[in-house]
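This is what each chain is made of:
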Amino acid sequence: MRSKIKNLVFAGLVAVLTVSSMAAESEMDEMWGKSEMKLRSENPERGKLFMEGNYAMFIHWGLYSQLGNKVDGKTYYGIGEWIMNPRMAGIPVDEYKKMAKTFNPEKFDATAIARLAKDAGMKYIVLTSKHHEGFAMYHSKVSDFNIYDATPWKRDPLKELAEACRKEGIGLGVYYSHFQDWTAPGGGRGPQVDPCGKPVSFDEYFNKKCLPQVIELTTQYGPLELIWFDTPADIEKKYVDQLVAVVRKNQPNALINGRIGHGEGDLRSLGDMEVPHRNVAGLWESVDTTNDSWAYAWYDEYWKTPEEILSRLIACVARGGTYMLNIGPRGDGSVPERAARSLRESGKWIHRYPQVVYGADASPWKHALPWGDVTVKGNKLYLSVFEWPTSGKLCLPGLKTKIVAANLLKGSESESITYETSNGWTLFDLPLGAPEKRVSVIEVELADAPEADPTFGIDPDIGTEILVEFAAVEGVELSQKRWMEKFGEWKSVYHARNWTPGGKAIFEINVLEPGDYNASLTYAGEGRLVWGVEVVGGEHIQNEQNSSHNYQEFPIGWINFPQPGKYKVAVSCLEGDGKTSSLKSIVFEPIH
Ligand code: FHN
């Protein structure tokens, strides 16, 4: 059974979230609701593609895609599906609704999208059937504010996508904004009166639009993999219960994500664009996007490269979860070519190494390793090497299970490689050149289920960064900080802050090759700071360095580890404004 299920009992260990100080940001963050990780095991058929596929396509597409973040010649930066919002362009309801008259996505091609997902190695697609602005991207009988009735296009893209997905063997899911509806009277954060000025309650909105639309969606498009609800905010539990009941009745095999609210749903969707650094138990997904926007934004050309996509996907699988990656088609229905190219290129690799991703489990190291990451299938480890060692040896710390064989994979072919062990490390002999241009894979067959010591090994060839979230702290606060880089573009970091005199972050490490290493700290802060780095029971170094409000790596100096083995390294902020100093990580670079 997959470890994401087995580890369920540890779900409570996941770190607590501390949101950033900006009130409006935390308000949006809190709209995700408090979800719990769990698996409803009464139906083993539920969520098969989620469980086995580990990779899906998210699509944000709606009326807003026409604008691409530009209104009356002005560009609004951030997530374009919020363009109506006063913090973006602030478009009045009547004006927004008129945009349906010009929505004519003639380049929409459901088959091409389903094939793109398939080429990308994704197993199902989740389309925004109704986002917060209330426009249904399918033929709804309940509200004429829908793509079939209100636009000159007069087609049902969800129906076309459902058919295309079925033909291509891809699963389908729908996104539905159940609480927020900015154009329907009574909808969450929407107009609270009807066009005649009569007050309309949320209850009326729910019964006249939300619930009937979820019934339509769950009865008219064939089997669905996932019903993806979003931003429950302060919705009452009685509404959530009704939605769950409808989905269970009409789509017993569909998963419900935790953003339905009130701890309901089958799986947890982490914060937007968040790939966790430590293993997370239970059923969960990361939702991310191919650039920095969900909906199409004309200016956003900051695309993830194929390597970045693979790195984030493999990280999610290695942490025990799944990855759903978004595309934002343009208003004419076409998919930005650069997004498609990165998806196809990364997909070629996934099709060569499906065993690394599909049905794969979490890494027993519980975090990434300096050169890459590890996924597991039965008694086999898959080492995905992003940084190929120039020394001819790949160093794996702390493997406790006996190795039966090690192979360097070249697509479906493989070449046996030799290895030796030293002080609890396994050193694999590798050719000097990587067999793959993006990510090379080593398969390690074990005599039993894999077990590993998760202590961070300091790699003798390349720099090892250890995030402070893995440190034990005394006299320092460890918390997660979230912020929006642009409106709706979430970033997060775990940091150690509020350093009191004597405060310490203690990192446990495992050294293979004794000698000098250059220790650097990545931090943000104000003014000059004196940091100390001390090998407990050994050398102490300290240095004054500047700081910046952005996280930056500052060298502290060389430090010696006299012999192989485990050490504790304590970091402290000795002088300067400890209150505003925010430590993100320590880096050890070998001195060759
Ligand atoms: O407000 C939405 C946002 O527009 C987007 O759909 C994301 C995707 O996860 N969900 C909400 C914010 O978390």
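Note that the structure is predicted; figures quoted are calculated from it, not measured.

Considering the overall build of the chain
- A count of helical and extended segments in the chain gives 11 helices and 30 strands.
- On C-alpha atoms alone, the chain measures out to a radius of gyration of 25 Å, which is about the 25 Å that the 2.2 N^0.38 rule sets for 592 residues.
- Expressed as lengths along the three principal axes of its C-alpha atoms, the size of the chain is roughly 80 × 55 × 45 Å.
- Looking at the chain as a whole, 60% of its 592 residues qualify as buried.
- Pairs at least 24 residues apart make up 73% of the contacts formed inside the chain by residues separated by at least 6 positions.
- Accessible area of the chain: about 23300 Å², with a carbon and sulfur share of 50%.

Here's the deal with the packing of helix H9 (residues 306-318) against helix H10 (residues 337-352)
- Here H9 crosses H10 at 55°, and the two axes come no closer than 8 Å. Looking at the two axes, H9 sits oblique to H10. When you trace H9 past H10, the crossing you get is right-handed. When H9 is examined against H10, the residues Pro 306, Ile 309, Leu 310, Leu 313 and Ile 314 are found in contact with a partner set consisting of Ser 342, Leu 343, Glu 345, Ser 346, Trp 349 and Ile 350.
- Here the contact of H9 with H10 is built from residues that sort into eight nonpolar, two polar and one charged.

Section: the sheet that holds strand S13 (residues 393-397)
- The strand order across the open sheet built from three strands is S13-S17-S16, with neighbouring strands paired in antiparallel fashion. The strands lining the two open edges of the sheet, one partner per strand, are S13 and strand S16 (419-422). Strand-to-strand twist of the sheet, defined as the mean angle between neighbouring strand axes without regard to direction, takes the value 25°.

Some thoughts on the packing of helix H5 (residues 110-120) against helix H6 (residues 157-168)
- Contact geometry for H5 and H6: axes closest at 8 Å, N-to-C directions at 45°. Classified by the angle between their axes, H5 and H6 sit oblique to one another. H5 and H6 meet at a crossing whose hand is right-handed. Judged by residue contacts, Ala 110, Thr 111, Ile 113, Ala 114, Arg 115 and Lys 118 of H5 engage Glu 160, Leu 161, Ala 164, Cys 165 and Glu 168 from H6.

Concerning the environment of Ala 434
- Along the chain, the position of Ala 434 falls in the loop between strand S17 (425-429) and strand S18 (440-446).
- The spatial distance from the C-alpha of Ala 434 to the C-alpha of Ile 147 is 50 Å, given a sequence separation of 287 residues.
- Not counting residues within four places of it along the chain, the set of residues in contact with Ala 434 comprises Trp 388 and Ser 440.

Details of the sheet that holds strand S15 (residues 413-416)
- One open sheet holds the five strands; their spatial order is S11-S12-S18-S14-S15, and the pairing between them is antiparallel. Whereas interior strands pair on both sides, the edge strands pair on one side only; in this sheet they are strand S11 (372-377) and S15. Taking the axes of each pair of neighbouring strands and ignoring which way they run, one obtains an average angle of 30° across the sheet.
- Here S11 pairs with strand S12 (residues 380-385) via six bridges, running antiparallel. Bridge pairing in S12 links Lys 377 to Lys 380.

Observations regarding the nonpolar core
- Counting 119 residues, the largest nonpolar core has Met 57 and Leu 343 as the members making the most contacts within it.
- Among all residues touching Met 57, those that are not within four sequence positions of it are Ile 113, Leu 116, Ala 117, Met 122, Tyr 124, Ile 125, Val 126, Met 324, Leu 325, Ile 327 and Leu 343.
- Core analysis: the next-biggest nonpolar cluster, separate from the first, contains 32 residues, Ala 471, Tyr 523, Ile 541 and Ile 586 among them.

Digging into the layout of surface pockets
- Computed from the structure, the second largest pocket encloses a volume of approximately 480 Å³.
- For the lining of the second largest pocket, the secondary-structure elements that each account for two or more residues are helix H4 (93-98) and helix H7 (202-220).
- Partitioned by chemical class, the residues of the lining of the second largest pocket number 10 nonpolar, two polar and eight charged.

Rules behind the numbers
Residues numbered from 1 in each chain as written. Predicted model: local features only at pLDDT ≥ 70, side-chain atom pairs only at ≥ 80, totals over all residues. Heavy atoms only, no water. Helix = DSSP H or I, 4+ residues; strand = E, 2+ residues; numbered from the N terminus. Rg over C-alpha atoms; globule rule 2.2 N^0.38 Å. Buried < 20%, exposed > 50% of the residue type's maximum accessible area, 1.4 Å probe, protein only. Contact = heavy atoms within 4.5 Å. Areas by Shrake-Rupley, 256 points an atom, 1.4 Å probe, with all protein chains shown as cover. Axes fitted to C-alpha atoms, helices over the stretch in contact; angles between N-to-C directions. Parallel < 35°, antiparallel > 145°, perpendicular 65-115°, else oblique. Left-handed = near helix turned anticlockwise from the far one by under 90°. Nonpolar A, V, L, I, M, F, W, Y, C, P; charged D, E, K, R; others polar. Pairing = 2+ DSSP bridges. Core = buried A, V, L, I, M, F, W, Y, C linked by side-chain atoms within 4.5 Å. 1 Å grid on protein atoms, 1.4 Å probe; cavity = no way out; pocket = protein on both sides within 12 Å on 5 of 7 lines; lining within 4 Å. Points joined across faces, edges and corners; volume = space filled by probe spheres on them.

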